[in-house]
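# Fold and geometry: a report
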Amino acid sequence: MSTLKIRQFPCLSDNYGFLIHDPESGETIALDTPDADAYLTEAEAAGWTITQIWNTHHHFDHAGGNAALKAATGATITAPGYDRHRISPVDRYVEDGDTVSLGKHVANVLYTPGHTMGHIVYHFGVEKTAFVGDTLFALGCGRLFEGTPDDMWRSLLRLRQWPDDTLLYCAHEYTQANAAFALSVDPANAALNAYADEVSILRAQNRPTIPTTMAREKAANPFLRADDAGLAEYIGMPGAGPVEVFAEIRGRKDRF
Ligand code: ZN
Ligand code: FE
């Protein structure tokens, strides 16, 4: 079975664009559309033709290029049904549990409310590869524009069930700032310290920190560790429940 070919490239100020290509079928997905021109340039450089667009959520830096990219390529657009009134144009609306395909490769759609209520992620289970938009970042998570801490914690718990070696493609290069915050709430975490050092080196060389893996995020991302007793104790909330701890660290991150 052929495997997915993924091209990742910077878009706008700190987004990543992703093209996902299946050599067998010749199909190519534009994962979100922060900047139609950047996607077209990248596709041309790769010799790929964009046949589908998959949106994660309605924000401009994820769906703002839909119309231009569809006009240029005729690609079909898949988007969350929840965002029916605020993403356009769209050919197929998807719900939690639906599957979408790239040739023979199948991705599961999971609703991950929190950053927005209609946010979805795309998980290729066989390929252990996921596109997580603005739900999960390397060493961070999306800001809660629409959902509650309880919504986001539940969403992150669903992702945390994925295998450790799942590759996670996050939509923004926020990792260095996230590392500084993570160290403020979990300074004794050896995995986090090692990860933060690696991130500093990569960023000093202007190299991406994305994709990350579930293993390293489980070990070091404070937003996946809200049920860790040591973290709760360090931030002065010994014995507190995970949603309370999550709400506290999300709030601290907003003010950091
Ligand atoms: Zn967003
Ligand atoms: Fe975004």
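Here the residue index of a chain counts from 1 through its sequence in written order. The lettering of chains begins at A and the numbering of ligands begins at 1, in the order of writing. Reporting of local features is limited, given that this is a predicted model, to residues whose pLDDT is at least 70; pairs of side-chain atoms are given and counted only at 80 or more, and all residues count toward the totals for whole chains, interfaces and linings. Side-chain numbers here rest on the full set of heavy atoms in the structure, without hydrogens or water.

### A look at the overall build of the protein
Note the threshold: Labels follow the DSSP assignment, with helices taken as runs of H or I lasting at least four residues and strands as runs of E lasting at least two, numbered in each case from the N terminus. Relative accessibility thresholds used throughout: buried, under 20% of the residue-type maximum; exposed, over 50%; partly exposed, between the two (1.4 Å probe, protein chains only). Every residue pair with non-hydrogen atoms within 4.5 Å of one another is taken to be in contact. Only the protein chains shown count as cover for residues, and all accessible areas are computed by the Shrake-Rupley method using a 1.4 Å probe. In this tally, Lys and Arg are treated as positive and Asp and Glu as negative; His is ignored, and so are the chain termini. Lys charges are placed at NZ, Arg charges at CZ, Asp charges at CG and Glu charges at CD.
Each helix and strand counted, the protein has 9 helices and 14 strands in total. Counting only C-alpha atoms and orienting by the principal axes, one finds that the protein spans roughly 55 × 40 × 35 Å. Counting every position in the protein, which comprises 256 residues, the buried fraction comes to 52%. In the protein, the proportion of contacts linking residues at least 24 apart, taken out of those at least 6 apart, comes to 59%. Working note: accessible area of the protein is about 10400 Å², and carbon and sulfur atoms make up 51% of it. Counting 21 positive and 33 negative side-chain charges, the protein places the averaged centre of each group 2 Å from the other.

### What to know about the sheet that holds strand S6 (residues 92–94)
Rule in force here: When DSSP finds at least two bridges between two strands, those strands are taken to pair. To define axes, lines are fitted to C-alpha atoms, for helices over the stretch in contact only, and angles between the resulting N-to-C directions are given on a 0 to 180 degree scale.
As summarised here, the arrangement of the 6 strands in space is S1-S2-S3-S4-S5-S6, forming an open sheet in which the pairing is mixed. Unpaired on one side and paired on the other, strand S1 (5–11) and S6 mark the two borders of the sheet. Along the sheet, successive strands turn relative to each other by an average axial angle of 20 degrees, direction set aside. Two elements, strand S4 (residues 52–54) and strand S5 (residues 76–80), share 3 bridges in a ladder whose sense is parallel. The residue bridging Ile-53 from the neighbouring strand is Ile-77, located in S5. Here helix H1 (residues 36–46) sits on the sheet and contacts S1, strand S2 (15–21) and strand S3 (28–31); the angle it forms with S1, its principal contact strand, is near 140 degrees.

### A closer look at the coordination of the zinc ion (ligand 1)
Under the convention used in this document: With water excluded from the atoms, a metal site may look incomplete; its donors are any N, O or S atoms within 2.8 Å, or within 3.2 Å for Na, K and Ca. A four-donor site is called tetrahedral if each angle lies between 85 and 135 degrees; a four-donor site is square planar, and a six-donor site octahedral, when trans pairs exceed 155 degrees and the remaining angles lie between 65 and 115; all other cases are labelled irregular.
Taken together, the protein donors to the zinc ion (ligand 1) comprise His-57 (NE2), His-59 (ND1), His-115 (NE2) and Asp-134 (OD), at separations of 2.2 to 2.3 Å. For the zinc ion (ligand 1), the 4 donor atoms are set out with angles of 87 to 173 degrees between them, so the coordination reads as irregular. Between the two metal centres, the zinc ion (ligand 1) and the iron ion (ligand 2), the spacing is 3.2 Å, with Asp-134 acting as a shared donor. Here His-57 is found in the loop between S4 and helix H2 (60–63), whereas its partner Asp-134 is found in the loop between strand S10 (129–133) and strand S11 (136–137), with 77 residues between them in sequence. Of the two residues, His-57 and Asp-134, neither departs from the other in class, the shared state being buried.

### So, the packing of helix H5 (residues 175–185) against helix H9 (residues 242–255)
Helix-helix packing is described using two parameters, namely the angle between the two axes and the distance between the axes. Condition: Here roughly perpendicular refers to angles of 65 to 115 degrees, roughly parallel to angles under 35, roughly antiparallel to angles over 145, and oblique to all remaining angles. When the near helix sits turned anticlockwise from the far one by under a right angle, the crossing is termed left-handed; a clockwise turn instead gives a right-handed crossing. Here the nonpolar group is Ala, Val, Leu, Ile, Met, Phe, Trp, Tyr, Cys and Pro; Asp, Glu, Lys and Arg are the charged ones; every other residue, Gly included, is treated as polar.
Here H5 crosses H9 at 130 degrees, and the two axes come no closer than 11 Å. By the angle class used here, H5 and H9 are oblique. Crossing hand, H5 versus H9: right-handed. On the side of H5, the interface is formed by Asn-178, Phe-181 and Val-185, while H9 contributes Ile-249, Arg-252 and Lys-253. Across the contact of H5 with H9, the residue classes tally to 3 nonpolar, 1 polar and 2 charged.

### A closer look at the pairing of S3
As a reminder of what qualifies: When the strands point away from the viewer and the connection leading from the first strand across the helix to the second strand turns clockwise, the crossover is called right-handed.
Burial of S3 is two-sided: the residues Thr-28 and Ala-30 facing one way and the residues Ile-29 and Leu-31 facing the other way are all buried. The sheet contact formed by S2 and S3 spans 4 bridges and is antiparallel. Paired with His-21 across the strands is Thr-28, a residue of S3. With 3 bridges joining them, S3 and S4 adopt parallel strand pairing. Paired with Ile-29 across the two strands is Gln-52, which belongs to S4. Between S3 and its parallel partner S4, the chain crosses via H1, and the hand of that crossover is right-handed.

### Section: the environment of Gly-26
For Gly-26, the location among the structural elements is in the loop between S2 and S3. Between the alpha carbons of Gly-26 and Gly-103 there is a distance of 7.9 Å; along the sequence they are 77 residues apart. Those residues in contact with Gly-26 that sit more than four places away from it in its chain are His-21 and Thr-49.

So far we have only geometry, and geometry alone does not tell us how the molecule works.
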